[in-house]
Amino acid sequence: MKKTLLFLLVASFGLQAQGLINGLLHQNHDSSDSAASAQPQCGSHFLMLEQDRRSPGYKAAADKALQEAVEKLPQSNKSLGATLTIPVVFHIVYNDSTENLPDSVIFNQLQSLNDNYARRNADSGNVRAPFRPYVGNPNIQFELATVDPDGNPTTGIVRKSTPITHFGGILPYAQNQTAQIQQWVEDSLFYNFSRISVDSLGGSSPWDIDRYLNIWIGDLRIFEPQLNNFEELVFLGLARPPIGHPNFVGTGTDSLPLGIGALVHYVAIGPNNPVSYPPPYGGFNNITTEGDILTHEVGHFLALRHIWGDGGCTVDDYISDTPLSNNSNQFTCNTNRNSCLDSIGGANLPDMIENFMDYSTDACMNSFTREQSQLMRSTLFTYFPNLFTIGEEESQLASSLSLYPNPSTGQLNLQAGPQFAGAQVQVYSIAGQLVQSLNLGADAQLDFQLEGPQGLYIITVQSASEQQSFKVLKQ
Ligand SMILES: [Zn+2]
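Small disclaimer: the values here were computed from a predicted structure and weren't measured.

Draft legend 1. Just the overall build of the chain, in detail. Along its length, the chain carries nine helices and 20 strands. Put simply, of all contacts in the chain between residues at least 6 apart along the chain, 68% involve residues at least 24 apart. Summed over its atoms, the accessible surface of the chain is roughly 19,500 Å², and 53% of this surface lies on carbon and sulfur atoms.

Now the structure itself:
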């Protein structure tokens, strides 16, 4: 009798810790993991599987597009190029005051994101020696938007009160109703999360995805009234990558209204978040300490996959300079782990627990690789040519330089103020190769045909005293 009681207590605590959904997701979708180890994680892979279930062939198309994008990356060891700056809008969708995080947390989060994407993060020096030849600097920066889509000044932080208490939804079933819960996950779970990005569903609709990176913050838990009112945290964050974007090769007809961008559970935003994870998730108070969850999700937004490819040793993330691994690092930071045989530069490297695209503690993750960095930049060039500015580009708006039309079929007109008379004009491919070298005449005007295939180019104009850069898309 005592033994039975003890067993029931243990079983009950186990279920209590997991809730009713996370174990089910693992059983259904993740052969490399077991339901027993189910814990909150990233939802991006599960979102992709759900999109594929709704639109069969979606994942295969996305995999193929990703593989082709990686094959086209420049094989150069040169600098990745100029800083790309992206305007960001944070949508804080809150039901109570604790979810309505103060500006200071958003500022710190943005600082963390910018440090990580410029390889300025204080822990970047902790990457182990075998990985040092492969780590890269994406050289991407994020700025709070200063102008909203209507042209009005903004702080780049939208605060929206919502009647929705749990964006994961309310599960109307008990733990023995497995079939119904399974159906609910398919029908409702990702639709529930989507509500955070739709005004009419209690969320905050995205600003033009071609001009702003949208980041949503809210309570992503699931309320389970028939499990003692348990609030299950399944996903710390998830992201919808440009797959489904009109410019992307792939299908986007999955009927989920989730906006393109990133979602993060409000407790995982930080550093210096005043809110703690309640039991049984207290362990995450020591895991998401530096705001690296958003770095991870923005990596997904820019087309990166998990470093272990969400499968065993035969499944890759399509990136050649990340080692294979048979599973995530499970938030353990085990430096002895080398789960798969691989050969990078002739070496069988250990699992790269330092990678932002693993599941590591924030204290342990500190790097993207060079190829991951190149892929993220290439995603911007390919799918979001109007989302970023290059280098000093913004200052050109105030100067007398103009280039049109842009995008262009190749015929371009460049006009400049008198200080640019006779200036050098150079056209570079995204790979950094010089395509054309021209000269602005004495009247500081130039009509020219951009040589080379369709794609994105960078045009620099160099006068005696200043240099300006433009990007132009040839269609
Ligand atoms: Zn992820």
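The discussion continues.
Draft legend 2. Structural detail: the pairing of strand β4 (residues 140–144). Burial analysis of β4 places four of its five residues in the buried class, the great majority of the element. Pairing geometry for strand β2 (residues 84–94) and β4, over five bridges, is parallel. Considered in β4, the bridge of P87 is made with E143.

Draft legend 3. Focus on the coordination of the zinc ion. C42 (SG), H296 (NE2), H300 (NE2) and H306 (NE2) make up the full set of protein donors to the zinc ion, lying at 1.9 to 2.2 Å. One can describe the site at the zinc ion as tetrahedral: its four donor atoms subtend angles covering 100 to 118° at the metal.

Draft legend 4. Representation of the side chain of D148. Looking at the secondary structure, you find D148 in the loop between β4 and β5 (157–161). Although D148 is buried, it makes no salt bridge; R211 carries the closest opposite charge, 7.4 Å away. Beyond its immediate chain neighbours, meaning those up to four positions away, D148 contacts T154, W207 and Y212.

Draft legend 5. Structural context of the sheet that holds strand β6 (residues 169–170). Spatially, three strands are ordered β6-β8-β9 in an open sheet, and the strand pairing comes out mixed. Each end of this open sheet is capped by a strand with a single partner; those strands are β6 and β9 (230–232). Strand direction decides the pairing type here: strand β8 (residues 222–224) and β9, joined by three bridges, are antiparallel. From the neighbouring strand, I222 faces β9, where its bridge partner is E232.

Draft legend 6. How the structure looks around the sheet that holds strand β15 (residues 411–415). Across the sheet, three strands lie side by side as β14-β15-β18; this open sheet has antiparallel pairing. The two strands at the open ends of the sheet, each matched to only one other strand, are β14 (402–404) and β18 (445–449). Each strand axis lies, on average, 15° off the axis of its neighbour in the sheet, ignoring direction. Here β15 runs beside β18; their pairing, made up of five bridges, is antiparallel. Bridged to L412 within β18 is F448.

Draft legend 7. How the structure looks around the state of the cysteines. Per the stated rule, a full pass over the model turns up two disulfides. What pairs with C313 in a disulfide is C340, and their sulfur atoms sit 2.0 Å apart. The disulfide joining C313 to C340 has a torsion of about -85° about its S-S bond and is therefore left-handed. Remark: C340 occurs in the loop between α7 (292–301) and β12 (368–369) and C313 occurs in the loop between α7 and β12; sequence separation between them is 27 residues. Taking the relative accessible area as the measure of exposure, C313 reaches 32% and is therefore partly exposed. Disulfide pairing is shown between C333 and C364; the S-S distance is 2.4 Å. For the disulfide bridge between C333 and C364, the dihedral angle about the S-S bond is near -135°, and by the sign convention the bridge is left-handed. With C333 in the loop between α7 and β12 and C364 in the loop between α7 and β12, the pair connects residues that are 31 residues apart, well separated along the chain. Each bonded cysteine in the chain gets a number by its place in the sequence, and the pairs come out as 1-3, 2-4.

Draft legend 8. A look at helix α5 (residues 103–117). In this model α5 runs 21 Å from its N-terminal to its C-terminal C-alpha over 15 residues, within 8% of the 21 Å that 1.5 Å per residue would give. All of the buried residues in α5 are V105, I106, Q109, L110, S112, L113, N114, D115, N116 and Y117.

Draft legend 9. Up close: the confidence of the model for the chain. With 89% of its residues at a pLDDT of 70 or more, the chain has an overall mean of 87. In this model residues 393–398 is a low-confidence stretch, pLDDT under 50, and it forms 11 contacts with partners more than four residues away in sequence or in other chains.

Draft legend 10. Fine view of the packing of aromatic side chains. Applying the stated criterion across every chain, the model contains 15 aromatic pairs. Measuring from centroid to centroid gives 5.9 Å for F190 and F235, while their planes differ by 35°, and the two rings are tilted. Note that F190 is positioned in helix α6 (residues 178–194) and F235 in strand β10 (residues 235–240), a separation of 45 residues in sequence. Across the pair, F235 and F190 agree in class, each one buried. Judged by centre distance (6.2 Å) and plane angle (35°), the rings of F230 and Y281 are tilted. Of this pair, F230 sits in strand β9 while Y281 sits in the loop between β11 (261–265) and α7, and the two are 51 residues apart along the sequence.

Draft legend 11. Expanded view of the nonpolar core. With 106 residues, the main nonpolar core has I21 and F142 as its most contacted residues. Counting contributing residues per domain, this core is built from domain 1 (40–383) and domain 2 (395–474), each supplying no fewer than three. Each residue touching F142, except ones within four places of it in the same chain, is listed here: I86, V88, L110, L113, N114, Y117, L213 and V298. Ranked by size, the runner-up nonpolar core spans 19 residues in total, among them L403, L414, F420 and V472.

Rules used in this analysis
Residues numbered from 1 in each chain as written. Predicted model: local features only at pLDDT ≥ 70, side-chain atom pairs only at ≥ 80, totals over all residues. Heavy atoms only, no water. Helix = DSSP H or I, 4+ residues; strand = E, 2+ residues; numbered from the N terminus. Contact = heavy atoms within 4.5 Å. Areas by Shrake-Rupley, 256 points an atom, 1.4 Å probe, with all protein chains shown as cover. Buried < 20%, exposed > 50% of the residue type's maximum accessible area, 1.4 Å probe, protein only. Pairing = 2+ DSSP bridges. Donors = N, O, S within 2.8 Å, 3.2 Å for Na, K, Ca; no water. Tetrahedral: all angles 85-135°; square planar, octahedral: opposite > 155°, others 65-115°. Lys, Arg positive; Asp, Glu negative; His and termini not counted. Salt bridge = Lys/Arg side-chain N within 4 Å of Asp/Glu carboxyl O. Axes fitted to C-alpha atoms, helices over the stretch in contact; angles between N-to-C directions. Disulfide = S-S within 2.5 Å. Expected span 1.5 Å × (residues − 1). pLDDT = per-residue confidence, 0-100. Phe/Tyr/Trp six-rings, centres within 6.5 Å; stacked < 30°, edge-to-face > 60°. Core = buried A, V, L, I, M, F, W, Y, C linked by side-chain atoms within 4.5 Å. Domains from an automatic or database assignment.

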